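So you can see what is in the structure, the chains are spelled out below.
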Amino acid sequence: MRFIFISIVFMIFASLSADQNNTLNTSFDFTAKEKAWIKKNRTIRFTGDPNWLPFEAFDNNGKYIGIVADLLDLIEERAGLQMHRIPTKNWNDSVKYLRSEKVDMLSETTDSPLRNKFDFTDSFLTNPIVIVMQKNHRHVNSISAISDQKIALIKGYGYISKIEKQYPSISFYKVENIQDGLSGVSDGKYDAMVCTMALGGYTITQMELNNISIVGETGFSTKLAFAVRRDYPELISILNKVLKSIDLETMQNILFKWVTFKYVEKVNYTLLYQIAFFAFLVISGTLFWNRRLKQEISRRTELQQEVDTANRLLTDSLEFASLIQQAIIPEDQEFDDFFDDHMTIWEPRDIVGGDIYFLNPLRNDDEIVLMVIDCTGHGVPGAFVTMSVKAIERQMISYILNNDQDVSPADLLGVFNRSIKHLLKQQDKSSISNAGFDAGILYINKRVKRALFAGAHIGLFYIQDGSTNYIKGNRHSIGYKTSNPDYRFEDHEISLDSTITFYLTSDGYIEQNGGNKGFPMGKNRFKKIITEHHNEPMHQQKEILIKELKTYQGALSRNDDITVVGVVINAEEEKS
């Protein structure tokens, strides 16, 4: 069951990475220069990581296998190239082969330091970096939560530098390969192992390590691509064209072969229902089994061990359901590509939650839309609604990308409102569904120095020219049986003529009870914090906001899921 959940999440990431390649194009438009280059350079020397399944490996016979190996077969077929696969003993040797020009091309991640000396193709798969610990450990939200423990990393992997840069005070332990790291966690030599989700999940299953599991996320991810000699620019363009031609069905079949769980790629209502139905069966079945065992305890105390097993199964199921939810959250790199600085706080009250946020670049590099969503409830009910919201959001963004109409956050909220009511059949008098959500949507267009905001019970804080401002959202939620499907939300325009910092937050932060009287924290206290600290780097603001919340909360329990997103857009300097 653990591996099934890992597979679902991995497949979601793979599909999101390939989402732009949703049309099949096998009639390659190679240029005359590219055709001549192929004719002259028919054989390409290639190597990869010999120990990185399910992505790639060299087996005992020196045969190259894995997801990337199957993609390489397609490249050979479609480009008319011959890939001479050269085995190596370890990853460091593979890198040395490329540096010394013993090979022309290497399977690598886009965050690799090799980018300084080699060109990279477009990425074709994305995989999150996760934390593996012993099974009895609680859910972990970030590396900082276990900073005082022994954490292992695999030597030479590209994402290591990003992790070490963000956590300079942590002394990580370096292992030669994934097997050494996972064995070390299993034996107690290390407290945790940080690795890619696919590699960790695959290897745990292959090594039959029953006392360890993936316990949480790091906020990092890595993308797969090919590193190529810099004097082979034609090969880069050839590979990109072939990679772009690989349709999603073909990619899905390759992933199915190596990950062993079939997935319907299109992010639509079919996908939503399949994921929701599967999760419902797992959780409901586990709860039923757990309840039945508890009834037996009064007569057979020896069944206590089975009850503990059922409880652990329920917790494991929820933890991996959490990874599904994390798969639809945007990566830090997406924020870095557009904003000058940013921070995100996303802390479900339970293992899964009803808060979610989305970031979508639109039709050019200058426009983007940021959404913060606070769904009905928290835990499993809230998480189910977030999947519905994601399905609708994907369809809306697809519509925007294929049209040149002006973007209106108010109109998007209206579409959300009508769609969720239709999806949950809330128009029917007999409907028992009364779910919905609050939302804040911020659209930014740097080219015209203009931002638009609309909110459904969620407001927008922003600081500009030393002044802290707040825009209230409309007093109308999205969905629910009694809401008006034709309600018109209001757009608010903000000029981007000077440096500006935006803050979007769900009510979990503002309504957290605490202090001497147990009152909610409130907007004024939040406003005071951001006003005093808005000139500091966003990562420091994040630490301050978390610290202030914990201090105010004190011994009281957490009320709700918490989401806070802060972004900075610096004013462009006028040319003299």
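Look above for the structure.
Residues numbered from 1 in each chain as written. Predicted model: local features only at pLDDT ≥ 70, side-chain atom pairs only at ≥ 80, totals over all residues. Heavy atoms only, no water.

A. Representation of the layout of surface pockets within the structure. As a volume, the second largest pocket reaches approximately 340 Å³. Considering only residue class, the lining of the second largest pocket consists of four nonpolar, six polar and seven charged. (1 Å grid on protein atoms, 1.4 Å probe; cavity = no way out; pocket = protein on both sides within 12 Å on 5 of 7 lines; lining within 4 Å. Points joined across faces, edges and corners; volume = space filled by probe spheres on them. Nonpolar A, V, L, I, M, F, W, Y, C, P; charged D, E, K, R; others polar.)

B. Local environment of helix α16 (residues 523-533). Within the sequence span of α16, burial applies to Phe526, Ile529, Ile530 and His533. One side of α16 holds all its buried residues, which, seen down the axis, span an arc of 90°. Exposed residues pointing more than 90 degrees away from the buried face of α16 are listed as Asn524, Lys528 and Glu532. (Buried < 20%, exposed > 50% of the residue type's maximum accessible area, 1.4 Å probe, protein only. Helix = DSSP H or I, 4+ residues; strand = E, 2+ residues; numbered from the N terminus. Arc of directions from axis to C-beta.)

C. Highlighting the sheet that holds strand β4 (residues 64-65). Spatially, the three strands line up as an open sheet ordered β2-β3-β4, and their pairing is antiparallel. Single-partner strands in this sheet number two, and they are β2 (51-52) and β4. Note: β2 against strand β3 (residues 56-58), two bridges, orientation antiparallel. Across the sheet, Trp52 pairs through a bridge with Glu56, a residue of β3. (Pairing = 2+ DSSP bridges.)

D. Highlighting the packing of aromatic side chains. Here the structure, examined in full by the defined rule, presents 20 aromatic pairs. Here Phe335 and Tyr357 contribute two aromatic rings whose centre-to-centre distance is 6.3 Å and whose plane-to-plane angle is 55°, an arrangement assigned as tilted. Taken together, the residues Phe335 in helix α12 (residues 332-338) and Tyr357 in strand β14 (residues 355-361) connect sequence positions 22 residues apart. Of the two residues, Phe335 and Tyr357, neither departs from the other in class, the shared state being buried. Put simply, the rings of Phe46, Phe58, Tyr64, Phe124 and Phe226 pair up and form one aromatic cluster. (Phe/Tyr/Trp six-rings, centres within 6.5 Å; stacked < 30°, edge-to-face > 60°.)

E. Structural context of the packing of helix α3 (residues 67-79) against helix α8 (residues 233-245). Put simply, α3 and α8 touch, their axes get as near as 10 Å, and they point 110° apart. Here α8 runs roughly perpendicular to α3, going by the angle between their axes. Contacts from Leu74, Ile75, Arg78 and Ala79 in α3 reach Ile238, Leu239, Val242, Leu243 and Ser245 in α8. (Axes fitted to C-alpha atoms, helices over the stretch in contact; angles between N-to-C directions. Parallel < 35°, antiparallel > 145°, perpendicular 65-115°, else oblique. Contact = heavy atoms within 4.5 Å.)

F. Structural context of the pattern of salt bridges. Per the stated rule, a full pass over the model turns up 18 salt bridges. Across the salt bridge formed by Lys174 and Glu164, the nearest N and O atoms sit 2.9 Å from each other. A residue pair is termed long-range when its members are at least 10 positions apart, and Lys174 in strand β10 (residues 173-175) and Glu164 in helix α5 (residues 160-166) qualify at 10 residues. The partner of Arg558 in a salt bridge is Glu347, with the nearest N and O atoms 3.4 Å apart. Highlighted residues: Arg558 in the loop between α17 (538-553) and β25 (562-569) and Glu347 in strand β13 (residues 341-347), separated in sequence by 211 residues. (Salt bridge = Lys/Arg side-chain N within 4 Å of Asp/Glu carboxyl O.)

G. Quick peek at the environment of Gly515. Relative to the helices and strands, Gly515 resides in the loop between β23 (513-514) and β24 (519-520). For Gly515, a relative accessible area of 40% corresponds to the partly exposed category. Separated by 38 residues in sequence, Gly515 and Gln553 place their C-alpha atoms 6.5 Å apart.

H. Inspection of the pairing of β25 at higher detail. Among the eight residues that make up β25, eight are buried, leaving the element largely enclosed by the rest of the structure. Side-chain alternation along β25 places Ile562, Val564, Gly566 and Val568 on one buried face and Thr563, Val565, Val567 and Ile569 on a second face that is also buried. As judged from the six bridges shared by strand β22 (residues 500-505) and β25, these two strands associate in the antiparallel manner. Bridge pairing in β25 links Thr501 to Val568.

I. Structural detail: the pairing of strand β1 (residues 43-47). Pairing analysis gives four bridges linking β1 to strand β5 (residues 82-85), with the strands arranged parallel. Each bridged residue has a counterpart across the sheet, and for Arg45 the counterpart in β5 is His84. Pairing analysis gives two bridges linking β1 to strand β6 (residues 105-109), with the strands arranged parallel. For Phe46, the partnering residue across the bridge sits in β6 and is Met105.

J. Quick look at the sheet that holds β22. The strand order across the open sheet formed by five strands is β13-β25-β22-β18-β19, and the pairing between neighbours is antiparallel. The sheet terminates laterally at β13 and β19 (467-471), the two strands that pair on one side only. Between one strand and the next, the sheet's axes are offset by a mean angle of 15°, whatever the strand orientation. Two elements, strand β18 (residues 460-464) and β22, share five bridges in a ladder whose sense is antiparallel. Its bridge partner being in β22, Tyr462 is matched across the sheet by Phe502.

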